[in-house]
Amino acid sequence: MKEKASLSLVRHINSEIVLTYLQRHPNATIPEMSRESKLSLPTVTRTINSSLAIGLVQTTARKGEEKGRKAQCYAFNDDFGCALLLLIKDQRILLQVVTIGGKILHRTQVNIAKDEVLSMLQTTIEKQLAAFQNMKCICITLPGHIRDGFVYASHAFPKLNGLDLQNQLAERYKMPVSVMDSVKALPYAGREYDKDFRKKVVLFLSLEVEDGCGAACSMLGKTYPGTTGSFGDLYTLPFPFARMTRQQKYTRFAQAMVGMTNADTVVFYGDDSADFQKIIEKLTEELPAYALPKFYVAQGLIHDNFQAMKNIAFDNVLDSIEN
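Bear in mind the structure is a predicted one, so any value in this text is a computation, not a measurement.

What counts as what
Residues numbered from 1 in each chain as written. Predicted model: local features only at pLDDT ≥ 70, side-chain atom pairs only at ≥ 80, totals over all residues. Heavy atoms only, no water. pLDDT = per-residue confidence, 0-100. Contact = heavy atoms within 4.5 Å. Salt bridge = Lys/Arg side-chain N within 4 Å of Asp/Glu carboxyl O. Buried < 20%, exposed > 50% of the residue type's maximum accessible area, 1.4 Å probe, protein only. Pairing = 2+ DSSP bridges. Helix = DSSP H or I, 4+ residues; strand = E, 2+ residues; numbered from the N terminus. Axes fitted to C-alpha atoms, helices over the stretch in contact; angles between N-to-C directions. Arc of directions from axis to C-beta. Patch = residues over 30% accessible without salt bridge, like charges linked within 9 Å, V, L, I, M, F, W, Y side chains within 5 Å. Areas by Shrake-Rupley, 256 points an atom, 1.4 Å probe, with all protein chains shown as cover. Phe/Tyr/Trp six-rings, centres within 6.5 Å; stacked < 30°, edge-to-face > 60°.

**Q** Requested: an account of the confidence of the model for the chain, with residues and values cited.
**A** Mean pLDDT over the chain stands at 84; residues scoring 70 or higher make up 89%. Confidence drops under pLDDT 50 across residues 1–5; counting only partners more than four residues distant or on other chains, this segment forms 0 contacts.

Right, here's the structure in full:
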């Protein structure tokens, strides 16, 4: 029994690797997927054939040399289904509807009042479900302390405190629902920075004029921002501080956090007050080569939250198909 469970887990992981590659490289061939994923041709072929059988993947044009046999290409079937992604932030609901392959079908935002957040959230969901009939799952991120879909504390929306939001919505709409902290969701966006993010330490640094500096850390795919789920919980450097320039403060803060966490990857967030390239150059000069992480400048916390939710939705759909 244990061997069967282990085999099922291995197949699930292999399927996720193959389909994640296809999500990022549409119109790929089986040999390409095998080569890039480092999985055997039979393993990739089994995943693609099972995905074709249920309509998740479809064949596209062939490619190859002008003479000889051309290889069959594959891509996600946009008609298979879509996911609803919702980010609750600053008394707004930002939303996207995306295909399982990641194509954006619709995006908008809804203004909400603090005492009406739950009812307006449900109204927003129901409106999108009516417009997109083939919805497969719902993903929600919001600030605060959320665990397993249970909102323990949300300073932005106190009326939600103590609410089992995930199970309530899943029961109401009869589909998989994920409710996560907007910082703890970041490791799911980590795939965009490093495909081996689950094996590494990723440091997320937020550099803002108004809020100062904050840090969160992801270890082996799990984020540890602290008890309230904000960037500043791991460590905060408020402004004003000492007599250094703002750029010097940013740099010293980054040096301290990289040294403390021994990070493999560093992802920067922030506003125009930070010259990220200069910070990276300074860190590269001062850190020994063996301790030098990979540096990335994110497009923004909102962007990465939606990217994380795309990946969560993708995983949820794969899980629901297997179940």
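Next, the rest of the story.
**Q** Which residues make up the pattern of salt bridges, and what values go with them?
**A** Evaluated as defined, the whole model comprises 7 salt bridges. Taking the shortest distance from any N to any O, the salt bridge between Glu36 and Arg35 comes out at 3.8 Å. By relative accessible area, which is 39% here, Glu36 ends up partly exposed. Judged by relative accessible area, which is 53%, Arg35 ranks as exposed. When salt bridges with common partners are traced through the structure, they connect Arg252, Lys282 and Glu286 into a single cluster.

**Q** Describe in detail the sheet that holds strand β4 (residues 82–89), supporting the description with residues and values.
**A** The strand order across the open sheet formed by 5 strands is β6-β5-β4-β7-β10, and the pairing between neighbours is mixed. Two strands in the sheet have a free side with no partner beyond their single neighbour: β6 (104–111) and β10 (177–181). Between one strand axis and the next, the sheet turns through 15° on average, direction left out of account. Sheet strands touched by helix α5 (residues 165–173): β7 (135–142) and β10. Its angle to β10, the strand with the most contacts, is close to 160°.

**Q** Break down the sheet that holds strand β1 (residues 28–29) for me, with residues and values.
**A** Taken together, the 3 strands give an open sheet; going across it, the order is β1-β3-β2, and neighbouring strands pair in antiparallel fashion. On the outer flanks of this sheet lie β1 and β2 (57–63), each paired with one strand and no other. Bridge analysis of β2 against strand β3 (residues 71–76) gives 5 bridges, and the strand direction is antiparallel. Bridge pairing links Val57 to Phe76 in β3. Its contacts with the sheet put helix α3 (residues 41–54) on β2 and β3, and the angle it makes with β2 is roughly 120°.

**Q** Account for unusual backbone geometry, with residues named and values stated.
**A** If you check the backbone angles, Lys174 has positive phi at about 55° while not being a glycine. Topologically, Lys174 is positioned in the loop between α5 and β10. The phi angle at Asn262 is positive, at roughly 55°, despite the residue not being glycine. Take Asn262: its relative accessible area is 55%, and that puts it in the exposed class.

**Q** I'd love a proper account of α5, names of residues and values included.
**A** By the burial criterion, the buried members of α5 are Leu165, Gln166, Leu169 and Tyr173. One face of α5 carries all of its buried residues, which in axial projection span an arc of 95°. As for α5, its buried residues are in contact with α4 (117–131), β7, β9 (150–153) and β10. Backbone geometry just downstream of α5 places Lys174 in the positive-phi region, at approximately 55°.

**Q** Go over the environment of Ile140 with me, naming the residues and quoting the values.
**A** As for its position among the elements, Ile140 is in strand β7. Here the alpha-carbon distance between Ile140 and Met309, two residues 169 residues apart in the chain, equals 7.5 Å.

**Q** Give me a nonpolar patch on the surface: which residues, what numbers.
**A** Taken together, Met219, Leu220 and Tyr224 make up a surface patch of nonpolar side chains, about 320 Å² in accessible area. Considering the arrangement of structural elements, one finds Tyr224 in strand β13 (residues 222–224). For Tyr224, a relative accessible area of 40% puts it in the partly exposed group.

**Q** Give me the lowdown on the packing of aromatic side chains, citing residues and values where you can.
**A** Under the criterion given, the structure shown has 6 aromatic pairs. Taken together, a centroid distance of 5.6 Å and an interplanar angle of 45° make the contact between Phe268 and Phe276 tilted. Considered together, Phe268 and Phe276 belong to a single accessibility category, that of buried residues. Ring plane angle 20° and centroid distance 6.2 Å describe the contact between Phe268 and Phe295, whose orientation is recorded as stacked. You can see Phe268 sitting in strand β15 (residues 265–270) and its partner Phe295 sitting in strand β16 (residues 294–297), a full 27 residues away along the chain. Chaining the aromatic ring pairs together yields one cluster made of Phe268, Phe276 and Phe295.

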